[in-house]
Amino acid sequence: MANDALGEVTEANFRQRVLALVARIPPGRVMTYGQLALLAGRPGPGGARLAGFVMGSLAGKAQTDEEALPWQRVINAQGRVSTHKLGFGDVQEHLLEAEGVTFDESGRCDLARLQWWPEEEGRDAPPDALL
DNA sequence: AGCATGACGAGGT
DNA sequence: AACCTCGCCATGC
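Now for a description of the structure that goes with this document. Only a predicted model underlies this, so the values are computations on that prediction, with no experimental measurement involved. (Residues numbered from 1 in each chain as written. Chains lettered and ligands numbered in written order. Predicted model: local features only at pLDDT ≥ 70, side-chain atom pairs only at ≥ 80, totals over all residues. Heavy atoms only, no water.)

### What about the pattern of salt bridges?
Next up, step 1: Under the counting rule described, the total for this entry stands at 2 salt bridges.
Next up, step 2: With a shortest N-O distance of 3.9 Å, Asp110 and Arg113 are connected by a salt bridge.
Next up, step 3: Overall, Asp110 belongs to the partly exposed group, its relative accessible area being 38%. (Salt bridge = Lys/Arg side-chain N within 4 Å of Asp/Glu carboxyl O. Buried < 20%, exposed > 50% of the residue type's maximum accessible area, 1.4 Å probe, protein only.)

And the structure:
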């Protein structure tokens, strides 16, 4: 047992970890696929893609059970949503805007300000005070 | 059983 | 800035 934290990260617990992290993202804040992968024990580009696969696997559910998982708070490293291809990119942006996230003309949001890290547990507002 | 494809991202050209 | 390659794994045909 032991090693949930250091031991091998199986596909099963990787998925579980990713979902657990997504569930903790505060409203108005976001996390990237690569970041989720890193925190779930699979750093690097490959891990980021895996995180994308995990999210994609629950795309249908996410839409029908949105209260259970804030899937819309997961975006790519460029600060853009990666769901246009699936047909609900606009929905995702709209949901985020409803939480206060703004996107510019090129569809980018301010990751530096909005990206959330678990260390901030408890702080649910953007680190504006630190600017 | 092989092959294409899908919510990614870093590094190189 | 716009590509290209590679890493990574599940799923459907």
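### Notes on the packing of aromatic side chains
Next up, step 1: Per the stated rule, a full pass over the model turns up 1 aromatic pair.
Next up, step 2: Taking 5.3 Å as the distance between ring centres and 90 degrees as the angle between the ring planes, the aromatic pair formed by Trp71 and Phe88 counts as edge-to-face. With a gap of 17 residues between them, Trp71 in the loop between helix H4 (59-64) and strand E2 (74-75) and Phe88 in the loop between E2 and helix H5 (89-97) connect regions that are remote in the sequence. Each member of the pair Trp71 and Phe88 is classed as buried. (Phe/Tyr/Trp six-rings, centres within 6.5 Å; stacked < 30°, edge-to-face > 60°. Helix = DSSP H or I, 4+ residues; strand = E, 2+ residues; numbered from the N terminus.)

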